[in-house]
Amino acid sequence: MLLHIDGDVAALAFLFLLLLLAVIGGIVLHATFLSGKYEGRYQGFLGEFYDFMTFRKLVIEGVLKFLYVIGASVMSVYGIIQLFLADTFAKGILYCLGFLVIGNLVLRLLFELVLMLVLICKNLVEVNQKLRPRVRRGPDMMKGTPKFAVGIMPESLRNRMDSWLKAAVQKENALEEKSDQGNRCA
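Going along each chain's sequence as written, the residues are numbered from 1 onward. Since the coordinates come from a predicted model, pLDDT governs what is reported: local features require at least 70, and pairs of side-chain atoms require 80 or more to be given and counted, while whole-chain, interface and lining totals use all residues. Excluded from the side-chain calculation are hydrogens and water; included are all heavy atoms of the structure.

## Considering the overall build of the chain
So, step 1. A tally of helices and strands in the chain yields 6 helices and 0 strands.
So, step 2. Helix numbers and strand numbers start at the N terminus; a helix is a DSSP run of H or I with at least 4 residues, a strand a run of E with at least 2. In the chain, the succession of helices and strands from N to C terminus is α-α-α-α-α-α.
So, step 3. A buried classification covers 12% of the 186 residues belonging to the chain.
So, step 4. Here the accessible surface of atoms and residues is derived via Shrake-Rupley with a 1.4 Å probe, and residues count as covered only by protein chains that are part of the display. Here the chain displays about 15400 Å² of accessible surface, and carbon together with sulfur accounts for 69% of that area. Only protein chains enter the accessibility calculation, which uses a 1.4 Å probe; a residue is then buried when its area is under 20% of its type maximum, exposed when over 50%, and partly exposed in between.

## Comments concerning the UniProt feature "transmembrane region" (unreviewed entry) in the chain
So, step 1. With numbering matched to this structure, UniProt assigns "transmembrane region" (unreviewed entry) to residues 12-34, 66-86 and 92-120.
So, step 2. For residues 66-86, the end-to-end C-alpha separation is 30 Å, with 95% helix and 0% strand making up the annotated structure.
So, step 3. A helix fraction of 100% and a strand fraction of 0% characterise residues 92-120, whose end C-alpha atoms lie 41 Å from each other. UniProt positions are given in the numbering used here, feature names are shortened, and annotations may be inferred rather than shown by experiment.

## Considerations on helix α3 (residues 60-85)
So, step 1. Taking 1.5 Å as the rise per residue, α3 with 26 residues should run 38 Å; its terminal C-alpha atoms sit 36 Å apart, in good agreement.
So, step 2. Every buried residue belonging to α3 is among Glu61, Leu64, Ala72, Gly79 and Gln82, and all of these are buried. Expected helix span is taken as 1.5 Å per residue step, with the number of steps being one fewer than the number of residues.

## Remarks on the nonpolar core
So, step 1. The term nonpolar core refers to a set of buried residues drawn from Ala, Val, Leu, Ile, Met, Phe, Trp, Tyr and Cys, joined through side-chain atoms within 4.5 Å. Core analysis: the biggest nonpolar cluster contains 6 residues, these being Leu64, Ala72, Leu107, Phe111, Leu115 and Val118.
So, step 2. A total of 4 residues in this core trace back to one element, the largest contributor, which is helix α4 (residues 89-135).
So, step 3. Not counting residues within four places of it along the chain, the set of residues in contact with leucine 64 comprises Phe111, Val114, Leu115 and Val118. Whether two residues are in contact is decided by their heavy atoms: any pair within 4.5 Å suffices.

## Focus on the pattern of salt bridges
So, step 1. A carboxyl oxygen of Asp or Glu within 4 Å of a side-chain nitrogen of Lys or Arg is what we treat as a salt bridge. What the rule picks out here adds up to 4 salt bridges.
So, step 2. With its nearest N and O atoms 3.7 Å apart, the salt bridge here joins lysine 65 to glutamate 61. Here lysine 65 and its partner glutamate 61 are both found in helix α3, 4 residues apart, which amounts to about one turn of the helix.
So, step 3. Since its relative accessible area comes to 45%, lysine 65 is described here as partly exposed.
So, step 4. The residue lysine 91 makes a salt bridge to aspartate 87 at a minimum N-O spacing of 3.8 Å.
So, step 5. For aspartate 87, a relative accessible area of 69% gives the class exposed.
So, step 6. Among the charged side chains, a salt-bridge network with shared partners connects Glu61, Lys65 and Lys122.

## Some remarks on the packing of aromatic side chains
Aromatic ring pairs are reported here in terms of the distance separating the ring centres and the angle at which the planes meet.
So, step 1. Stacked, tilted and edge-to-face are the three classes applied to pairs of Phe, Tyr and Trp rings, where Trp contributes its six-membered ring and a pair requires centres within 6.5 Å; stacked means planes under 30 degrees apart, edge-to-face means over 60, and tilted covers the rest. This model, assessed by the stated rule, comprises 4 aromatic pairs.
So, step 2. Each ring, one from phenylalanine 45 and one from phenylalanine 49, has its centre 6.2 Å from the other, and the planes form 15°; the classification is stacked. Note that phenylalanine 45 and phenylalanine 49 are positioned in helix α2 (residues 44-53) at a spacing of 4 residues, about one turn of the helix.
So, step 3. Its relative accessible area of 29% is what places phenylalanine 49 among the partly exposed residues.

## So, the environment of leucine 85
So, step 1. With respect to the helices and strands, the residue leucine 85 is situated in helix α3.
So, step 2. A residue is classified by how much of its surface remains accessible, and leucine 85, at 60% relative accessible area, is exposed.
So, step 3. Separated by 10 residues in the primary sequence, leucine 85 and tyrosine 95 place their C-alpha atoms 9.8 Å from one another.

## Considerations on the side chain of asparagine 104
So, step 1. As for its placement among the helices and strands, asparagine 104 is situated in helix α4.
So, step 2. Given the relative accessible area of 13%, asparagine 104 is considered buried.
So, step 3. In protein, a polar contact requires one atom able to donate a hydrogen and another able to accept it; more generally it is a pair of N or O atoms within 3.5 Å, and residues adjacent in sequence count only if both atoms are side-chain atoms. One polar contact links the side chain of asparagine 104 to the main-chain carbonyl oxygen of leucine 100, over a distance of 2.9 Å.

## A look at the confidence of the model for the chain
So, step 1. Put simply, the chain has an average pLDDT of 80, and 82% of its residues get 70 or more.
So, step 2. The lowest-confidence element of the chain is helix α5 (residues 147-151), averaging 52 in pLDDT; the highest-confidence one is α3, averaging 92.
So, step 3. Confidence of the predictor at the level of single residues is captured by pLDDT, which takes values from 0 to 100. Low pLDDT (under 50) marks residues 135-140, which in the prediction has 7 contacts with non-local residues, meaning those over four places away or in another chain.

## So, the side chain of glutamine 82
So, step 1. Locating glutamine 82 in the fold gives a position in helix α3.
So, step 2. The exposure class of glutamine 82 is buried, given its relative accessible area of 13%.

Structure, rendered in structure tokens:
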């Protein structure tokens, strides 16, 4: 006698197998291709795909613009249709102007609001990328570091940081003294 599997059980088993393969594929893709150590290594299509998969290139901006154009077109066509479907000509003109002017204006404001959030996020990422190299270098790297982080830092690193900070403070003091001397002479 052959093993008979119900259609629903087979479909459920197939879906479970697909889900398992998708999870394994996602883990492998993330561990290999999308790993941070490969940043900037890919060019051309793979570079674009890498930026897309790591959310460095946002798709929502283009999608929002496309949806706005579709929405504005629908709003305008519906306004023109209302011109001919209204009970009276005056109501038709009122509905037509309402949808053509006020409807499109409200639609535009809503899409601009959402797009503004996307652009703020995009600009913030750009500013963060420009500031990142400056934050991690130099003797003032310890400024703003929480005290608990300094407490768990190895002593050799802490001593090196302290010497960098002392050298930076001495340099600042020397520059201030020079500028004070220059101000006194003038």
